[in-house]
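Here are the chains, one letter per residue:
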Amino acid sequence: MTKSTYLTIIMMLFSAMLFAQSKSTLKGIVLDSVSKSPVEFVTVAIVNAKDTSLISYTITNKNGVFSLTGLPANRETKLIVSSMGYSTYRKLIILKPNEVKDMGAIYLNNKFLNEVVVKGERTPVVQKKDTLEFNTEAFKTRPNAVVEDLLRLLPGVQVNVDGSILVNGKAVNKMLIDGKRFFGSDPTVATKNLDADMVASVQVYDDREDDPDHKLTDLEVGKIINLKMKSKIKKSTIGKVYAGIGTRGRYEGGGIMSTFRDTLQVSIIGTTNNLTKTGFSTSDLNSMGGFNRSGGGVVNDGTFGGSGNGGIEKMWSGGFNINNDYGKKLKTNVMYFYYNYVKDYDKKLLTEQTLDKTLLTTLNNNVSQLRQQRHTVSSLIEWAPDTIQKIRLDVRVDIAPTGFNANGATNTFNTQTPKLSDLLTKQSTNSTANEFNDNFMYYRKLKKPGSSITINQNFNLKKNGSDDYNLNNLTSYTTAINSSILDRYANTKYSRYFGSIDGWYNTPFSKKLSYEIYLHTRFHKTSNKLSTYDMSPTGNYDKFLDNQSSNLARPHFIQNVKNTLSYIINPKLTLKAAIDLEYQSYTNNFNTNIPNTNNKYTFLFPSLRLNGQKFSLNYYEFANPPDITQMQPITRQVSQLETFSGNPNLTPSHQRELSYNYYNYNSDKQSYFNLNSGATLLTNNVIQVSTKDANGFITSTYANNGGGWYANFGMNKGKQFKKSQTWQFSISSGLYANYSQQSFFFNGDGGTQYGYNLTVGQAVGINYKSIINLNATYFAQEAYTRYGGVNYASVNTLRHNVTSMATISWPKKFIFDAQYRYLYNPQIAAGFSRSSNVVNLALTMMMFKQNRGQVKLSVYDLFSQNINTYRYAQNNSIISGEQQILRRYFLINYQYKINSHK
């Protein structure tokens, strides 16, 4: 039995012990004092009588019934029952060990204007319609605590190792400050940088910003956390500056400053480092200060890098962001952001492929550098002139010049020939990517109750261009392939015009039956001109290659008319059925002697959705046309060892999707259970048809094939023990599985590749008075690859990942952080690192008034074992890879927080 297995057993036993804890129980029913009818959605809380810190809470069901379990015994507590429109009920209670106390009927009186207010006491948690609000005074945090520390104490809130947040098992999409998306969509900036004592209350509600008609179920929407700030923050300046220097030339520095003046917010940010990180947190660069409030794609377009994909990066960035609200009706935003990074890669890739009577092995070593800049300018206007209308206009411009250089060496051999060929490659690319995008949305409620209309317009213009220089020097050791030098230049010009307009009209026919019609029209035209040249004897790239060049263009028109009927079967079950009539028309302009192709298709796509209180079942279909580059009727020479040909006869593929989701949260037991599954069926999909000989020469094309299908399954169960303000525990377990079945054609053989992927995970968290915080996770992932119709060997891949983190805030003014990560890939090929033990340590000393200054000494990868290796199977190949990644360095860092109130 491996040590990772022992660790898993220990975690499971520890989890079982926590689940097995049993204490006292309190139950009852809440009724209206006048009508004697049950009152639903009433907040029932148990707090410590001395300081009103929250122990546990729950919400009454539709019958007014509540039950609180696991309550402490022999302690003076207070029961607080509250609901909007009613006077608050309070009662002192001392429970005996394992007692089940029935409060019977609790009658709530209608609230009167002259109600007596208990001074010095606020209800710790209140349910206001769809909003759950926590009073921060009921949760005791350590001095100098940040919002993240506060959230860890809230029932139902889980802060993960990476800073992401779950509320009742659902992901938090946005973190708002007094209702404004001040910090963009990523919550980690606010949670790691704002002090907890600045927050008066924490509100949690569903993210319905783009779903005003509540078309999506509770299962499909994430959560929003709104931090209601104390009054002194309304006019303040907050921020921080930091700088650090380390061994091996490592450095970092940066700062952020944000000014609040009632409805005006101005932020500036700047940072630089060569630590392969963004500087503040994973997403600070665009989300801090609301840099993606305008909807810009800065964080989500993959340009921010990070160590996850290997490589070593140095970066510079900066920008400003201005938000202003003109009353409650008009909101505006203007943002500019600049980002510049240089990333160096050193990769090794081993491919072992079984062919007829031989095993072909290819070893590739590649050193490259990627350089990119990005200028982003965006603006946002949101206007709600009244309670029935909403208008939103979002405009963005991106300019991104990029440079890339690479040098590679590829050695090929098989079991009969120890040396087939050596290929030396040199590549240099300079490119630009410019894009303009605007999105306009108009929403209006109509006079008829439940009726509404939504109009959405989008326009996108993208222009890219690149100059590519490729030098391939092939030395062949077999007569089947000649040694040669390929020195080639290619100029590419790409453009895309996209415009669409959408309209939704919703109206109810009766209390149970409603109707929606959706009209969608879009037109886009893509063009791609490729001009290819070989170097001539004069030393210039002036030998034009007509058969390696192309000038492709595709105008594409799509029209949809979708009719949907919704029927409420009962208060807990709704059925939606729809028919989507889609018309597609596109022309492939090859600009060669091959005639253009005009393609027209009409599809009828049914869809069905069954929404329950805790589950949803969904089915829908759509069609995808093949990419025009797969259809271009030329044979492209990639290198001396590889060519591919387009197929102008390709037709659209058809895709069917079926999914099931289940979600349940128990506020009393502070536990949740999620289950999601889905299946995708592909017909007439486009696949690659390849041949590869024993010398490594590859030819490929594309063809429509019968199809394939994919399935996924995942479930996650979590539980918290936050009914004590001293010790708090959290545990979660997960099981995830994927299955794929896809056809392929290789060397004349048609076969099917089956892929199975199974992952199990366990996480445990412990918190003691916010002084000691421990977290540990373990994941084991096993992938299986099997083949049908061909005699290919099966492949198994196993991977273990153990991560543990500890934070100790003791003694006063000191914080000790430690992280340990263990990776194990037992089946990686010889010559690659199979395991690593990565240890990160840091000691922080706080200083000055309100701990505004801090000095931090840290070491990254203490034992210098950090690796980035992977292994997978494709067709009859086994691929093993490794990339250079940042290793051990020491760093000393100084940070100062700025917090000024007026």
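See the structure printed just above.
Reading the values: rules and limits
Residues numbered from 1 in each chain as written. Predicted model: local features only at pLDDT ≥ 70, side-chain atom pairs only at ≥ 80, totals over all residues. Heavy atoms only, no water. Core = buried A, V, L, I, M, F, W, Y, C linked by side-chain atoms within 4.5 Å. Buried < 20%, exposed > 50% of the residue type's maximum accessible area, 1.4 Å probe, protein only. Helix = DSSP H or I, 4+ residues; strand = E, 2+ residues; numbered from the N terminus. Salt bridge = Lys/Arg side-chain N within 4 Å of Asp/Glu carboxyl O. Polar contact = N/O pair within 3.5 Å; in protein donor to acceptor, adjacent residues only side chain to side chain. Pairing = 2+ DSSP bridges. Axes fitted to C-alpha atoms, helices over the stretch in contact; angles between N-to-C directions. Phe/Tyr/Trp six-rings, centres within 6.5 Å; stacked < 30°, edge-to-face > 60°. Lys NZ or Arg CZ within 6 Å of the ring centre and 35° of its normal.

In terms of nonpolar packing, the biggest core is built from 36 residues, with L151, L194, I225 and L227 touching the most fellow members. Sort the elements by how many residues they give to this core and helix α2 (residues 147–153) lands first, with four residues. Counting 18 residues, the second largest nonpolar core, distinct from the first, contains L68, L95, M103 and L108.

Right, let's get into the pattern of salt bridges. Scanning the model with the defined rule gives 10 salt bridges in all. A salt bridge links D207 to K174; the nearest nitrogen and oxygen atoms lie 2.8 Å apart. Here D207 is found in the loop between β13 (199–206) and β14 (223–229), whereas its partner K174 is found in strand β12 (residues 170–177), with 33 residues between them in sequence. Using a relative accessible area of 12% as the deciding quantity, one classes D207 as buried. Across the pair R396 and D398 runs a salt bridge whose closest N-O atoms are separated by 2.7 Å. With relative accessibility at 13%, the residue R396 sits in the buried group.

What follows concerns the side chain of H800. Looking at the element boundaries, H800 is found in strand β39 (residues 795–808). Judged by relative accessible area, which is 9%, H800 ranks as buried. Separated by 2.8 Å, the side chains of H800 and Y778 make a polar contact.

Ordered in space as β8-β9-β13-β14-β12-β11-β10, the seven strands form an open sheet in which the pairing is mixed. Of all the strands in the sheet, just β8 (125–128) and β10 (157–159) have a single pairing partner and so form its edges. On average, each strand axis in the sheet is inclined to that of its neighbour by 30°, with strand direction left out of account. Direction of pairing for β13 relative to β14: antiparallel, over a ladder of seven bridges. Across the sheet, V204 pairs through a bridge with I225, a residue of β14.

The tally for this structure, following the rule as stated, stands at 30 aromatic pairs. Ring centres of Y489 and Y533 lie 6.0 Å apart, and the angle between their planes is 25°; on these two criteria the pair is classed as stacked. Placement of Y489 in strand β24 (residues 484–508) and of Y533 in strand β25 (residues 513–534) is noted, with a sequence separation of 44 residues between them. Judged by its relative accessible area of 14%, Y489 is buried. Note on Y533: relative accessible area 23%, which makes it partly exposed. Put simply, the rings of Y469, Y489, Y533, Y541 and F544 pair up and form one aromatic cluster. Geometry around Y107 places K36 over its ring, the cationic atom sitting 4.8 Å from the centre. If you follow K170 out to its NZ or CZ, it ends over the ring of Y663, 4.8 Å from the centre.

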